[in-house]
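Architecture and fold: a report
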Amino acid sequence: MDHFHYLNGQLYCENVPIQELAKQYGTPLFVYSQATLLHHLRSLKKAFEEAKPIICYSIKANGNLSICRLLGEHGAGFDVTSGGELYRALKAGPKGAPIVFAGVGKTAAEIRMALDAGVLLFDVESEEELWTIGRIAQELGRRAPVALRVNPDLPPKTHVKTDTSVKGVKFGLDIETVVEVARAALGHPGLELMGIHMHLGSPILKTEPYRQGAEKAIRLIEQFRQQGHNIRYLNMGGGFGIHYRRDEAPPADAYAQAILPAIRATGCQLILEPGRFLVGNAGILVSTVLYRKSTGGKHYLIQDAAMNDLIRPTLYGSIHRLWPVRLPPGVPDRPPLDMNINPDQGNPFLDFEGSLRQDVVGPVCESGDFLAKDRPLPRMEPGDLLAIFSAGAYGMSMASNYNSRPRAAEVLVTDATHRLIRRRETYDDLIACEECCLLPAGRSQ
Ligand SMILES: *Cc1c(COP(=O)(O)O)cnc(C)c1O
């Protein structure tokens, strides 16, 4: 249940009209629904109830402090991939919230910071990293809790840019040699090998890769235990798919059925690292139509959100549903998920009277700056608002200042109230880290 709906032709987030938010905070604007976030967290907990999983919210999906705080208050820990994300987790999370630290390039400073913070686990991605963590921990008179991230070498399962478990990617340790690495770590005074980590990629719309990965994990856990390691954690990562188009994602129960047998077989504590699953459909991006134009047989809708706000369409070829915030007369209220306006998927609501196939583009100076291509949309007027759905994950967290565009504001809605959780950037913010200086002429000139 995602709490975005149309009522009398108006889009609402919970009980707040989007139009009201756009008026108060301006556009482009990210709007998040608290009820939706918590609903997704609850549904994951329920599906995996038997295993009482440690759910570590993957901060890179959306690092806003208020969102981290909300999830932390409701029992989530955090999955971080950098010192900056660890900083966010420590700022926003409740004291003692479990934190797992993944990433192929952890620096010595980040490793020290994580040891100081008392992370639950380092998810180790290479042999050299393992020895570096061990040495730093030893220097500090500590033993670092580690899980080895294994690349289970599975067939392709998602976009090539986000598939992290096919052979030859930069992530994790090779499944063929990881047992040798574990053996070498035995008895290391700075390391305590406590688990296995597998993040397969994202988004993954099938459960089969999880079943295959978990089966391989069972075997590895047996081998590590035979070596003498006390393996307590199985971290199956994140990557659970969501409905971007209409109903393509399996329910949380289906992922649980694929993963839980490995927990029963090993008795390990399950860790999950959902990002997209929790926030993806809890957020929309709202923009304002600026201009329309037609050229070369194409119709363009130019609006004020751009690739710097939401890079997924141009980076991954992702489909985001989008629809007017106020429906034109004659267009009925429908659940936003019914607006599968992907022209390839044959939807009965696609080509209603008065619709026009349009490329929805932003003001950035790149032909890759688009949010949708060839989308049947009602005719819209300058000043009309547009809602871009499923923008809660990898939207704001991947936003940039390209073209010197101040980043959008973010608002969190609960029931009939709303709160600004990140103000819109100003022009002064854009240059706050820079110097405007002139160096004396050097000799080479
Ligand atoms: C990105 C990432 C996740 C979260 O992926 P989602 O698809 O957002 O659930 C989890 N674990 C690791 C290690 C990641 O890099």
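Residues numbered from 1 in each chain as written. Predicted model: local features only at pLDDT ≥ 70, side-chain atom pairs only at ≥ 80, totals over all residues. Heavy atoms only, no water.

What follows concerns the site of the ligand. Residues in close proximity to the ligand total 15 residues, the closest being Lys60, Ser202, Glu273, Arg276 and Tyr394. Gly275 is positioned such that a nitrogen or oxygen atom in its backbone is 2.9 Å from an oxygen atom of the ligand. Tyr394 has a polar side-chain atom sitting 2.6 Å from an oxygen atom of the ligand. (Near = heavy atom within 4 Å. Polar contact = N/O pair within 3.5 Å; in protein donor to acceptor, adjacent residues only side chain to side chain.)

A few words on the pattern of salt bridges. Counted by the stated rule, this structure contains 19 salt bridges. Two residues, Arg183 and Glu180, come together in a salt bridge whose shortest N-O distance is 3.5 Å. Note that Arg183 and Glu180 are positioned in helix 7 (residues 178-185) at a spacing of 3 residues, about one turn of the helix. The partly exposed category is assigned to Arg183, whose relative accessible area is 45%. On the basis of relative accessible area, Glu180 is assigned to the partly exposed category, the value being 47%. Put simply, Arg292 and Glu381 hold a salt bridge, and the shortest N to O gap is 3.7 Å. One end of the pair, Arg292, is in strand 14 (residues 283-295); the other, Glu381, is in the loop between strand 18 (370-378) and strand 19 (385-388), and 89 residues separate them in sequence. By relative accessible area, which is 44% here, Arg292 ends up partly exposed. Given a relative accessible area of 44%, Glu381 falls into the partly exposed group. Overlapping salt bridges, with partners in common, bring together Asp153, Lys167 and Glu176 in one network. (Salt bridge = Lys/Arg side-chain N within 4 Å of Asp/Glu carboxyl O. Helix = DSSP H or I, 4+ residues; strand = E, 2+ residues; numbered from the N terminus. Buried < 20%, exposed > 50% of the residue type's maximum accessible area, 1.4 Å probe, protein only.)

With that settled, the discussion passes to the domain arrangement of the protein chain. Domain boundaries in the protein chain define domain 1 (4-31 + 280-431) and domain 2 (34-278). Counting residues at the interface gives 27 residues for domain 1 and 23 residues for domain 2. Approximately 2400 Å² of surface area, both sides summed, lies buried where domain 1 meets domain 2, with 49% of it carried by carbon and sulfur atoms. Summed over the three residues of domain 1 that lose the most area to domain 2, namely Tyr316, Tyr394 and Leu412, the buried surface amounts to 23% of that side. Where domain 1 touches domain 2, the interface holds 0 salt bridges. Scanning the region where domain 1 abuts domain 2 turns up 16 residue pairs in polar contact (both at pLDDT 80 or more). Elements supplying a minimum of two residues to the side of domain 1 that touches domain 2: helix 11 (312-316), strand 20 (409-414) and strand 21 (417-422). (Domains from an automatic or database assignment. Contact = heavy atoms within 4.5 Å. Buried area = accessible area lost by both parts, 1.4 Å probe.)

On the basis of which strands lie adjacent, the open sheet formed by 3 strands has the order 1-2-3 and antiparallel pairing. At either end of the open sheet lies a strand with only one pairing partner, and these are strand 1 (4-7) and strand 3 (16-17). The pairing of strand 2 (residues 10-13) with strand 3 spans 2 bridges and is antiparallel. Bridge pairing links Cys13 to Val16 in strand 3. (Pairing = 2+ DSSP bridges.)

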